[in-house]
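Close look at the chain arrangement
One-letter residues, chain by chain:
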Amino acid sequence: MKLIHLSDLHLGKRVNEFSMLEDQQYILTEILQIIDREKPDGVMIAGDVYDKSVPSAEAVALLDDFLVRLAKRDLQVFLISGNHDSPERMAFGGRLMAQSGVHLAPVYDGKVRPITLTDEYGPVNLYLLPFLKPAHVRRCFPEREILTYTDALAAAIEAMGVDTAQRNVLVTHQFVTGAARCDSEEISVGGTDNVDVSVFEPFDYVALGHIHGPQQVGRETVRYCGTPLKYSFSEAKHQKSVTVVELGEKGAVSVRTVPLTPMRDLAELRGTYEELTFRGFYDGTSYPRDYVHITLTDEEDIPDAVSKLRIIYPNLMKLDYDNKRTRAGIVLEGAEDQQRSPLELLEEFYEKQNGQPMGEEQRAFAKSLMERIWEEDEA
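Residues numbered from 1 in each chain as written. Predicted model: local features only at pLDDT ≥ 70, side-chain atom pairs only at ≥ 80, totals over all residues. Heavy atoms only, no water.

**So, the confidence of the model for the chain**
On average, the chain scores 89 in pLDDT, and the residues at 70 or more come to 91%. Contacts from residues 330–336, a stretch scored under 50 in pLDDT, to residues over four places away or in other chains number two contacts. (pLDDT = per-residue confidence, 0-100. Contact = heavy atoms within 4.5 Å.)

Following this line, the structure appears as structure tokens:
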């Protein structure tokens with residue numbers, strides 16, 4: 001059984017005010033070419049299909065075209081909603097689409113029924129579990145204490161009644177503890193969305209979405225495939241890819257990646273204005289068509305630098321300076337603050353205001369309050 005693992009398409013996304021729709025259309029066509037070469041039995045799309053819960057008409061049209069093109073091939077498609085998607089909108093028409101081999105995860109109601117494919121080794125059960133918060137699962141199991149994301153996923157998976165003697169695949173969208181994050185991902189307060197990898201023990205392969213860098217977590221068969229495109233400059237050094245999963249007999253799973261080449265890459269360039277505008281620097285490179293972040297090291301600001309640089313680099317997304325002036329004081333402090341969680345910032349503020357650190361009880365209360373506000377805001 002061969003399966004293609006995709007996730008985090010983020011259709012309709014804008015990066016630094018640049019629309020990525022043309023780039024997304026290009027990369028989806030490249031993915032279809034890979035599918036034609038690999039000839040998989042199924043394609044798994046593990047959430048964050050759109051970038052917003054109410055996507056643009058152009059993003060909806062792009063997904064529609066991609067699903068139609070997939071449905072014309074002799075394969076099954078398995079798609080779930082992520083934290084950026086509206087589960088109700090993603091589930092619309094699911095029972096009708098299933099007749100064309102496109103399986104959309106319904107809104108979670110406490111029951112997840114597997115979709116079973118068969119090969120020469122017998123059945124492979126695919127479970128589609130959309131992005132969940134503890135509040136979503138509590139409603140379905142009121143008798144059970146569900147406080148954390150790990151509690152929620154453990155309850156949801158236990159209710160599936162997975163037969164571990166058979167081959168089982170889970171498609172889900174969560175942050176698994178230990179995964180490396182990027183700037184383009186939505187981070188919850190205090191790291192409250194962490195899920196322990198142990199909850200996925202019943203599955204031979206776990207197709208994860210949510211994290212933008214391709215990586216395994218814990219074991220090779222619990223994997224984030226990453227985004228098909230780079231959506232922040234923290235991803236500039238990523239090699240984006242499609243993950244190919246092959247299941248043989250029970251216990252035999254192989255995982256490999258097929259690299260993706262975007263229409264326009266994201267690149268970070270650094271140097272003086274004179275260095276970066278010298279023809280020998282950019283001639284013969286992809287920089288003039290790439291999305292670029294330029295850091296100028298000139299001690300004096302260059303007048304109208306953005307307009308001048310865009311003559312050579314029309315897709316200049318971001319410009320900043322690194323010199324004696326910018327390295328002094330508040331600029332660095334602000335950059336450091338952006339890397340800290342809201343809970344850490346609150347603890348620092350509390351200590352400055354009260355002359356003593358937060359107690360454990362106060363910290364636990366603040367953390368639970370932040371989580372509740374975050375859940376209600378996303379509901």
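**Quick word on the side chain of His 103**
Mapped onto the fold, His 103 is located in strand E6 (residues 102–104). Looking at His 103, the relative accessible area reads 13%, which means it is buried. In this structure the side chain of His 103 is engaged in a polar contact, spanning 2.7 Å, whose partner is the side chain of Gln 76. Excluding residues that lie within four positions of it along the chain, His 103 makes contacts with Gln 76, Val 77, Phe 78, Leu 79, Ala 98, Ile 115 and Leu 128. (Helix = DSSP H or I, 4+ residues; strand = E, 2+ residues; numbered from the N terminus. Buried < 20%, exposed > 50% of the residue type's maximum accessible area, 1.4 Å probe, protein only. Polar contact = N/O pair within 3.5 Å; in protein donor to acceptor, adjacent residues only side chain to side chain.)

**Some remarks on the environment of Pro 55**
Along the chain, Pro 55 turns up in the loop between strand E4 (42–46) and helix H2 (57–71). Remark: the alpha-carbon pair of Pro 55 and Arg 223, spanning 168 residues in sequence, is separated by 27 Å. The residues touching Pro 55, leaving out its near neighbours within four places in the chain, are Tyr 50 and Val 60.

**Focus on the sheet that holds strand E8 (residues 122–129)**
Taken together, six strands build an open sheet; the order of strands is E7-E8-E9-E12-E14-E13 and the sheet is mixed. Here the strands that pair on one side only, and so sit at the sheet edges, are strand E7 (115–119) and strand E13 (215–217). The sheet shows a mean angle of 30° between the axes of neighbouring strands, direction not considered. Bridging between strand E9 (residues 167–173) and strand E12 (residues 205–209) involves five bridges; their strand directions are parallel. Paired with His 173 across the two strands is Gly 209, which belongs to E12. (Pairing = 2+ DSSP bridges. Axes fitted to C-alpha atoms, helices over the stretch in contact; angles between N-to-C directions.)

**A look at the packing of aromatic side chains**
A full pass over the atoms with the stated rule returns four aromatic pairs. Seen in terms of ring centroids, Tyr 127 and Phe 203 are 5.8 Å apart; in terms of plane orientation they differ by 70°. Their pairing is edge-to-face. Here Phe 203 lies in the loop between strand E11 (194–195) and E12 and Tyr 127 lies in strand E8, a separation of 76 residues in the sequence. In terms of burial, Tyr 127 and Phe 203 fall into one category: buried. In this structure, Lys 13 is placed above the aromatic ring of Tyr 231, and the distance from its NZ or CZ to the ring centre is 5.8 Å. (Phe/Tyr/Trp six-rings, centres within 6.5 Å; stacked < 30°, edge-to-face > 60°. Lys NZ or Arg CZ within 6 Å of the ring centre and 35° of its normal.)

**Observations concerning unusual backbone geometry**
Its identity as a non-glycine residue notwithstanding, Glu 17 has a phi of 75°, on the positive side. You can see Glu 17 is positioned in the loop between strand E2 (14–15) and strand E3 (18–19). Backbone geometry places His 210, a non-glycine residue, at a positive phi of 125°. For His 210, a relative accessible area of 5% translates into the label buried.

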